[in-house]
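Fold and geometry: a report
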Amino acid sequence: MRILFIGDIVGKSGRDIVSSLLNSLQNEYQVDLTIANGENSAHGKGITIKIYKQLLNAGIDYITMGNHTYSKYEINKYIDQMDKLVVPYNHAKRQTDNYYKIIEINGVRICLCNILGNVLMNETGEDMYEAFENLIDKTRELGIDFYFVDLHAETTAEKRIFVEYFKEYAKIVLGTHTHVQTADEDIINGCAFISDVGMCGAYESIIGRDVSESIRNNVDKEPTVYQIAEGPAIFCAVLIEIDEQKKAPVAIKRIQIRP
Ligand code: FE2
């Protein structure tokens, strides 16, 4: 069985490249399950119900989020209708079933979740290690074969620590949030890992943000309105092969397509 995980989809450029490439990639790699990080899909921050539906129509099965989960106010209204959305488990808690999803596919029972890192992530509500331990406790009776974690975090070291500390439970740990694909994909103690999957978004940009606006804001200290970059996009993803007998990943491959 093969799982395709698409890195942070940033704005319209990111949505367009995913729509145009996804079906052919799914056919080429015989993908059984497609998951994408969509926390930047609506103009760089958050998601709307319209974009959520567009991404599912494009062929994505589940959408994970991150620190910008609640940046678009309408998510508060529609979250209960967005049953393929997975929001960070250690964010401020509210009444929703979207903190994790149990996905049973080809006889393998996977718990998909989204965890925010501790370092340089102001929005974190709960320590990421404690939060994941709580999730394991809460789901202990559900017959889960392994956990699939979209670890939405800023630093590489804490992503790697997470893999070591939770090696009995988390068999897929994929970093998101930094938007630059790293070349450290590997199977570590039986866990498919990469520090960051990378983004789908405008290639000529500052991790998806408009270059000129970024310079005016960061260098000139000008108060600017966040502006998303436009233009041809890079596509970043990873493909994970699961051995259905072992119920564990056996390979991880990086995919990066530049314009
Ligand atoms: Fe993020």
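You'll find the structure just up there.
Residues numbered from 1 in each chain as written. Predicted model: local features only at pLDDT ≥ 70, side-chain atom pairs only at ≥ 80, totals over all residues. Heavy atoms only, no water.

**Concerning the coordination of the iron ion**
Around the iron ion, the donor atoms from the protein are Glu-39 (OE), Asn-67 (OD1), His-152 (NE2) and His-177 (ND1), and they sit 2.1 to 2.3 Å away. Classification of the site at the iron ion rests on its four donor atoms, whose angles at the metal span 84 to 169°, yielding the label irregular. All donors of the iron ion belong to a single chain; written as a sequence motif, their spacing is E-x27-N-x84-H-x24-H. With a gap of 85 residues between them, Asn-67 in the loop between strand E3 (62–64) and helix H3 (75–78) and His-152 in strand E7 (residues 146–152) connect regions that are remote in the sequence. With respect to burial, Asn-67 and His-152 carry one shared label: buried. (Donors = N, O, S within 2.8 Å, 3.2 Å for Na, K, Ca; no water. Tetrahedral: all angles 85-135°; square planar, octahedral: opposite > 155°, others 65-115°. Helix = DSSP H or I, 4+ residues; strand = E, 2+ residues; numbered from the N terminus. Buried < 20%, exposed > 50% of the residue type's maximum accessible area, 1.4 Å probe, protein only.)

**Overview of the nonpolar core**
Ranked by internal contacts, the top residues of the largest apolar core, which has 56 residues, are Ile-6, Ile-47, Phe-132, Val-149 and Phe-235. Broken down by element, the residue count for this core peaks at six residues, all from helix H1 (residues 11–29). Core analysis: the next-biggest nonpolar cluster, separate from the first, contains 23 residues, Phe-5, Leu-33, Leu-112 and Ile-172 among them. (Core = buried A, V, L, I, M, F, W, Y, C linked by side-chain atoms within 4.5 Å.)

**Thoughts on a nonpolar patch on the surface**
On the surface, a nonpolar cluster with roughly 500 Å² of combined accessible area is contributed by Val-180, Ile-206, Ile-207, Val-211, Ile-215 and Val-219. Given a relative accessible area of 34%, Val-211 falls into the partly exposed group. (Patch = residues over 30% accessible without salt bridge, like charges linked within 9 Å, V, L, I, M, F, W, Y side chains within 5 Å. Areas by Shrake-Rupley, 256 points an atom, 1.4 Å probe, with all protein chains shown as cover. Salt bridge = Lys/Arg side-chain N within 4 Å of Asp/Glu carboxyl O.)

Keep in mind these values describe shape, not function.
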